[in-house]
Amino acid sequence: MATLVIELPPISVILPAYNEEAFIGTTVTSVLESGFPCEVIVVDDGSTDRTPRILEGFGGQIRVVRHPVNRGKGAAMASGVRAATGDIVIFCDAHLLGLKQYHLLSLVLPLVQGSARGVLGVGTSRAGIFPQFLIPVLTGQRAYFRCDLEPLLDEMERLGYGVETFLFHRFPQEQTVIVALPGLVHLLKPRISSPPVAAKGYWRESVEILRTLAYLGGVSPDLFSR
């Protein structure tokens, strides 16, 4: 029987986290126990809950980048890329259940063995307040070559929750692959926070996505500093 050998370049898995005490430990443990060869970087985006203490418990198994104050998801992702040493970076949300090695491998194979420059992963979850067809655009599970992201970092860090929409439009569709991640559950905001906090989060996410769409349409970047 023939054996398939896949050689992977250095890979960094980046987890942006803001007040994720409920599931950040589970998600980090899943990555570490998957056996997937990678460095794990968690960007603590100014958390005020037990997230920093939970991350300390992993010691040298992970690298932690801390923002003194909450700067938004785009800034957290950009800081993760700046800290990364891998040729490929995988972004994962901090509140995932069932993350396995084959999920991470599915995200990088189109980059390693094909002509893709971006990979979007769709797991098992509902779309929340957003239409189902937007899940591939907004998914937090995605992979890119680090060299392709580095010229975009200054823009990314200003876009908050709009960063996924920005990246979707910056990479040509013919170079973007959507992969299924069966069994991977992305927990929605009502599962990880109280109803008022979830509602505030959805409102912020919607506003930042709309601002990003306006930015992509040519509106002045000064909009994001107001």
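Basis of the calculations
- All residue numbers refer to positions counted from 1 along the written sequence of the respective chain.
- Predicted model: local features are reported for residues with pLDDT of at least 70 only, side-chain atom pairs are reported and counted for 80 or more only, and whole-chain, interface and lining totals are derived from all residues.
- For side-chain calculations, the full set of non-hydrogen atoms in the structure is used, while hydrogens and water are omitted.
- Numbering goes from the N terminus for both helices and strands, where a helix is a DSSP run of H or I of at least four residues and a strand is a run of E of at least two.
- Relative accessible area decides the class of each residue, using a 1.4 Å probe on protein chains only: under 20% of the type maximum gives buried, over 50% gives exposed, and in between gives partly exposed.
- Throughout, a contact is declared for two residues whenever any of their heavy atoms are within 4.5 Å.
- Computed with the Shrake-Rupley method and a 1.4 Å probe, the accessible areas treat only the protein chains shown as cover for residues.
- What makes a nonpolar core is a set of buried Ala, Val, Leu, Ile, Met, Phe, Trp, Tyr and Cys residues whose side-chain atoms join them at distances within 4.5 Å.
- Polar contacts, as counted here, are pairs of nitrogen or oxygen atoms within 3.5 Å of one another; within protein the pair requires one atom able to donate a hydrogen and one able to accept it, and residues that are adjacent in sequence qualify only if both atoms are side-chain atoms.
- Ring pairs shown here join Phe, Tyr and Trp side chains whose ring centres sit within 6.5 Å, with only the six-membered ring taken for Trp; geometry is labelled stacked below 30 degrees between planes, edge-to-face above 60, and tilted in between.

K.L.:
Would you take a moment to explain the overall build of the protein chain for this structure?
P.N.:
Looking only at helices and strands, the protein chain has 10 helices and eight strands in total. For the protein chain, the proportion of its 226 residues judged to be buried stands at 49%. The long-range share in the protein chain, meaning contacts at least 24 apart out of those at least 6 apart in sequence, stands at 75%. A total of about 10,900 Å² of accessible surface is found on the protein chain, and carbon and sulfur atoms cover 55% of it.

K.L.:
Which parts of the structure should I look at to understand the nonpolar core?
P.N.:
As a rule of thumb, soluble globular proteins bury nonpolar side chains together. Counting 31 residues, the largest nonpolar core has I24, V28, V42, I90 and L104 as the members making the most contacts within it. Of all elements in the fold, only strand 1 (11-17), helix 1 (24-33), strand 2 (39-45), helix 2 (51-56), strand 4 (88-91), helix 4 (101-113), strand 7 (142-145) and strand 8 (176-186) reach the threshold of two or more residues within this core. Dropping the residues within four chain positions of it, V42 is found in contact with L15, A17, I24, V28, L55, I62, R63, V64 and V65. Membership of the second largest hydrophobic core comes to 23 residues, among which are V81, V89, F91 and Y144.

K.L.:
Would you mind showing me how to read the environment of L111 here?
P.N.:
Positionally, L111 belongs in helix 4. The buried category is assigned to L111, whose relative accessible area is 4%. Separated by 32 residues in sequence, L111 and A143 place their C-alpha atoms 8.1 Å apart. Ignoring sequence-local partners within four residues, the contact set of L111 consists of I88, A116, R117, G118, V119, A143, Y144 and F145.

K.L.:
Help me out: how do you make sense of the side chain of T139 in this one?
P.N.:
Residue placement: T139 occurs in the loop between helix 5 (135-138) and strand 7. One polar contact links the side chain of T139 to the main-chain carbonyl oxygen of G121, over a distance of 2.6 Å. Look past the residues within four positions of T139 in its chain and what remains in contact with it is L120, G121 and E164.

K.L.:
Would you take a moment to explain the packing of aromatic side chains for this structure?
P.N.:
The geometry of two aromatic rings is summed up by the distance between their centres and the angle between their planes. All told, the structure shown has two aromatic pairs when counted by the stated rule. With centroids separated by 4.8 Å and ring planes inclined at 35 degrees, the aromatic side chains of Y144 and F171 adopt a geometry described as tilted. Here Y144 is found in strand 7, whereas its partner F171 is found in the loop between helix 8 (163-170) and strand 8, with 27 residues between them in sequence. Side by side, Y144 and F171 carry an identical accessibility label, which is buried. The structure contains a cluster of three or more aromatic residues connected by ring pairs, namely F91, Y144 and F171.

K.L.:
Please clarify how helix 1 should be interpreted in this entry.
P.N.:
One turn of the α-helix equals 3.6 residues, which is why residues spaced by three or four share an orientation. Among the residues of helix 1, I24, G25, T27, V28, S30 and V31 are the ones counted as buried. Where helix 1 is buried, its residues touch strand 1, strand 2, helix 2, strand 5 (96-97) and helix 4. Within two residues after helix 1, G35 carries a phi angle of roughly 80 degrees, on the positive side.

No statement about biological role is implied by the geometric values presented.
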